Every structure is written in structure tokens, then in C-alpha cells.
Amino acid sequence: PFKVYAELRDNTPVRYDEHRECWDVFGYEDVKYVLKNPKLFSSARDRANTSMLTTDPPKHKQLRDLVNQAFTPKAIEALAPRIQEITDELIAPHLSEGHMELIDDLATPLPVIVIAELIGVPAADRQKFKDWSDVLVKGARDDSEQAFQELLEEKKRNMQELHIYFTDIMEERRLQPKDDLISLLLAAEIDGQQLTSDEVVGFCILLLAAGNETTTNLITNAVRILSEQPELQQELREHPERITSAIEETLRYYPPIVAIGRVAKETVELNGQTIQAGEQVISWVGAANRDSTQFEHPEDFISDRKPNRHMGFGFGIHFCLGAPLARLEARVVLHTLLQHMGNIQLMPGTALQPIQSAFVFGVKHYPIQFN
Ligand code: HEM
């Protein structure tokens, strides 16, 4: 899609799409302007669901402050040994085979296991938990109305089951707190008031929904670049300290989230266009990340690009809460794969199937072979 984004950015940097009934914003400075002005561009698009992702100040900060301490780079860095252990366990069975399904075998289970442990899901429930997480981000089997309705039903059932499950764990933690996120949330207060059970459960579900598929796609997109550019594999083996910046460059070049939605709260001028209050505004990070006014040689993947002010994790007050965790998981995975696998390649003959969502950049399967 990046070619299309580039054309739109260069020809119609801010445009109204009659068909989808929304504004599209493609240039770096314009996207940044939208994301850093929550007073003009609200995140409250979804009234049924009031998570921090879909609230505006001042409520947004109150919600975010509750869990911030669990997601600081320092708190997250402490998880590195455990993330390494899980990664090693997941790849071990495949090393002697010389091939694996990167997404099913590693990039999907890793973030699910890590977030489950952070939240406080007992190890014995992990499979159940993974099944629920999978349904949370599942797309329809095909384009038919029937498939869509079936998926809707499945998601509804799934949500009810997850709700019951988290409510049970919550009751256990109320009696006996542990060092996990559920206990942290139960102890938390906003204006002297504890969160309701629904709010605690909602928080857990937000973390699952926001963190799993995105991290899966970051890992996969990074390995995809490595297999598309074999010389990069050698470079990173020789300079492992560049893995961190190569992950940032992946977030710029192949961002797992390519578009972020807002709603205009007032009538506002943007790059010569007039957006009316109440209209939808989509910020195309996937286009902004390759804007030549911000990035030199934007179409080249430069593993040690500096500076790299990509917006792959968004920008401003809603900047991704899970960024330190996603970065760490991706770093551990790349390190481990490059260490144990020579010449990583997409399995010959594989036709890549893009994920069917305009907001996501990723593929459904990524079988690899290696020496
Ligand atoms: C927000 C991307 C991983 C939790 C965001 C936003 C983006 C993003 C673009 C901003 C949305 C907006 O402005 O409306 C990503 C990507 C990830 C990733 C690309 C992986 C590579 C995670 C993980 C977690 C997480 C692992 C949790 C464990 C959140 C939450 C928000 C958020 C809670 C809302 C923050 C707020 O509203 O203040 N993410 N995310 N994300 N992300 Fe992530």
C-alpha cells in the first residue's frame, strides 16, 4: 500500500473521501498536528467503550496513570530474562528442522504469554486464554455477510467468556493480592474511588486487544525485512547493537498500525481544507512515516537511521503505552533468531496474504526456512 500512500500524500495531502465519509491526512506535519491536538481531534469515537484509548483529557490521564508504572521502560526491562526464556522455548522444537511458521510458532504466542503473565493469568489457563485472545482480533473467514454475522456472534460469546473469566480472577485477587496487573488495578483509585469490576475487566481486555496482534505484526514485519534484505542479516549479526534502531526503522518502514482515527470537535483548517465539527479524520501514519520533508531517502530501509521520528506508536498523549514492551519483545526475538539461524528466508513458493484491514500492515502466514 505504500506506493498508494505516497501518491495520495504528494497529490492530496488532506482530502475528503465521499465514499467512506471521512477525511484522510497523509503528510507528516499534518498527521502530527492532528495527533497532538486532542482538543480539536477527539479519540472518543466509540461511546460503548470508554478505555483510555477512546477517552479525552482529563479522564484519559487518570486512566493512563493507573497503569503507567507497570509499563515504564525500567519496569519492562525487568521482564527481559523471562521473554528470552519463552522465546527460546518456542523456537527450540524448530531449530533442527530448519523451518518454522514464524507467526503461529512464535510471533503470536509470545506476546500473548507475556501479557497473560503481566495481567496475572495462571499458567494452567494459558491455552484457554490464548484462544480468547485469538478471537478478539480475528477477521472474517471471507467477505460474505454470513461470515461477518458468524464472526460477530463468536466475538460476542468470546467477550462474555473473557468477562466471566477475568471477574473470577479478580475476586481471587481481591482476597489475596499478588504482584500482577489485576491486583494493581484493584488497589487503584480515581478521585478516591476504586475502579468498578467492569472497568478492571475492561482494562485487561484493552491490553489484550491493543498489544497482541500489533506485536505479532511488528515481529513478523521485522523478519520480513530481514528475509527481503539478506545483507541486513549479516549487518545485524556483525553489529547487534543496531538491532534496536533496526526495530525503530521497521516501525517506520512497515508500521503494524498504518492509520489512526479521530473525530473533529470543532471546525478546523488543515493544510487549506476545512474540516467540520463531527467529521471523522484518519491520520495515515504509513504515509507520514515516508514523508521526505521529515526523512532522508524515505523509501530506503536504513537500519541505523538517526534521527528516526516515526509515528509507528502514534504521537502525543495517546502514544502507545505498550511501546517499551513491544520493543523489548521484538529485540529479544531478532537477537535470538539471528544468533541461531543462518540465511533466514521466506519459504520458497509462499504467496503472502495481507491481513484484511486498512488500518493494519501485516500478513497472515510467514513460513521461514534457515540454515
Ligand atoms: C496506543 C501502536 C503494542 C497498549 C497505541 C497507539 C498506537 C499503537 C499507534 C496510538 C493510538 C491512538 O493514538 O489512538 C502499537 C504498536 C504495537 C503496540 C505498533 C506493537 C508493535 C502495544 C502493547 C500494548 C499496547 C504490547 C500493551 C501491552 C496500548 C494502549 C494504548 C496504545 C493501552 C492506548 C494508550 C492511550 O490511549 O493513552 N498503540 N501498540 N500497545 N497501545 Fe499500543
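None of the values given here were measured: they were computed from a predicted structure.

## Some details on the nonpolar core
Piece 1. Residues F71, I119, F129, F166, L337 and I368 are the most contacted members of the largest nonpolar core, which totals 93 residues.
Piece 2. At 14 residues, the largest contribution of residues to this core is made by helix α11 (residues 197–228).
Piece 3. When neighbours within four sequence positions are excluded, I119 is seen to be in contact with F166, D180, L181, I182, C204, L207 and L208.
Piece 4. Formed by 19 residues, the second largest nonpolar core is a distinct cluster that contains W23, V25, V268 and M311.

## A word on the site of the ligand
Piece 1. Of all residues adjacent to the ligand, which total 27 residues, the nearest are H60, R64, R262, H318 and C320.
Piece 2. R262 has a polar side-chain atom sitting 2.8 Å from an oxygen atom of the ligand.
Piece 3. The set of elements that each furnish at least two residues to the shell around the ligand consists of α3 (59–68), α11, β7 (259–264) and α15 (323–340).
Piece 4. A class-by-class count of the residues in the shell around the ligand yields 16 nonpolar, eight polar and three charged.

## Structural notes on the pattern of salt bridges
Piece 1. Tallied over the entire structure, the rule returns 23 salt bridges.
Piece 2. In this structure, the salt-bridge partner of R9 is D10, at a minimum N-O distance of 3.5 Å.
Piece 3. Residue K61 pairs with D65 through a salt bridge whose shortest N-O separation is 2.7 Å. You can see K61 and its partner D65 sitting in helix α3, four residues apart, about one turn around the helix.

## Some thoughts on the pairing of strand β2 (residues 22–25)
Piece 1. With burial as the criterion, each face of β2 is covered, one bearing C22 and D24 and the other bearing W23 and V25.
Piece 2. Pairing analysis gives four bridges linking strand β1 (residues 14–17) to β2, with the strands arranged antiparallel. Bridge assignment links V14 to a residue of β2, and that residue is V25.
Piece 3. Note that β2 and strand β10 (residues 280–284) share three bridges and pair parallel. Pairing of V25 across the sheet is with S283, part of β10.

## Side note on the sheet that holds strand β12 (residues 367–369)
Piece 1. Taken together, the three strands give an open sheet; going across it, the order is β4-β12-β11, and neighbouring strands pair in antiparallel fashion. On the outer flanks of this sheet lie β4 (99–101) and β11 (345–346), each paired with one strand and no other.

## Notes on the packing of helix α7 (residues 109–119) against α11
Piece 1. With their axes 8 Å apart at the nearest point, α7 and α11 run at an angle of 150° to one another. Overall, the two elements α7 and α11 adopt an arrangement that is roughly antiparallel. The crossing of α7 and α11 is right-handed. Every residue of α11 that contacts α7 at L110, P111, V112, I115 and I119 is listed here: C204, L207, L208, G211, N212, T215, T216 and I219.
Piece 2. In the contact of α7 with α11, the residues fall into nine nonpolar, four polar and no charged.

## Looking at the environment of A288
Piece 1. With respect to the helices and strands, A288 occurs in helix α14 (residues 285–288).
Piece 2. Given the relative accessible area of 0%, A288 is considered buried.
Piece 3. As a C-alpha pair, A288 and G272 span 16 residues in sequence and 18 Å in three-dimensional space.
Piece 4. Apart from the residues lying within four places of it in its own chain, the contact partners of A288 are F26, G27, Y28, V31, F295 and M311.

## Digging into the packing of aromatic side chains
Piece 1. One pass over the full model with this rule turns up 16 aromatic pairs.
Piece 2. Seen in terms of ring centroids, F2 and Y5 are 5.5 Å apart; in terms of plane orientation they differ by 90°. Their pairing is edge-to-face. Residue F2 and its partner Y5 are located together in helix α1 (residues 2–11), separated by three residues, close to a single helical turn. The pair formed by F2 and Y5 is uniform in burial state, with each residue classed as buried.
Piece 3. An angle of 65° between the planes, with centres 4.9 Å apart, marks the rings of F2 and F361 as edge-to-face. Of this pair, F2 sits in helix α1 while F361 sits in the loop between β11 and β12; the two residues are 359 residues apart in sequence, bridging distant segments of the chain. In terms of burial, F2 and F361 fall into one category: buried.
Piece 4. Taken together through their ring pairs, the aromatic side chains of F2, Y5, F26, Y253, Y254, W284, F301, F359 and F361 make up a single cluster.
Piece 5. Its guanidinium or amino end placed over the ring of Y254, R224 lies 5.1 Å from that ring's centre, counting from NZ or CZ.
Piece 6. Over the ring of Y253 we find R290, and its NZ or CZ is 4.0 Å from the ring centre.

What counts and what doesn't
Residues numbered from 1 in each chain as written. Predicted model: local features only at pLDDT ≥ 70, side-chain atom pairs only at ≥ 80, totals over all residues. Heavy atoms only, no water. Core = buried A, V, L, I, M, F, W, Y, C linked by side-chain atoms within 4.5 Å. Buried < 20%, exposed > 50% of the residue type's maximum accessible area, 1.4 Å probe, protein only. Helix = DSSP H or I, 4+ residues; strand = E, 2+ residues; numbered from the N terminus. Contact = heavy atoms within 4.5 Å. Near = heavy atom within 4 Å. Polar contact = N/O pair within 3.5 Å; in protein donor to acceptor, adjacent residues only side chain to side chain. Nonpolar A, V, L, I, M, F, W, Y, C, P; charged D, E, K, R; others polar. Salt bridge = Lys/Arg side-chain N within 4 Å of Asp/Glu carboxyl O. Pairing = 2+ DSSP bridges. Axes fitted to C-alpha atoms, helices over the stretch in contact; angles between N-to-C directions. Parallel < 35°, antiparallel > 145°, perpendicular 65-115°, else oblique. Left-handed = near helix turned anticlockwise from the far one by under 90°. Phe/Tyr/Trp six-rings, centres within 6.5 Å; stacked < 30°, edge-to-face > 60°. Lys NZ or Arg CZ within 6 Å of the ring centre and 35° of its normal.

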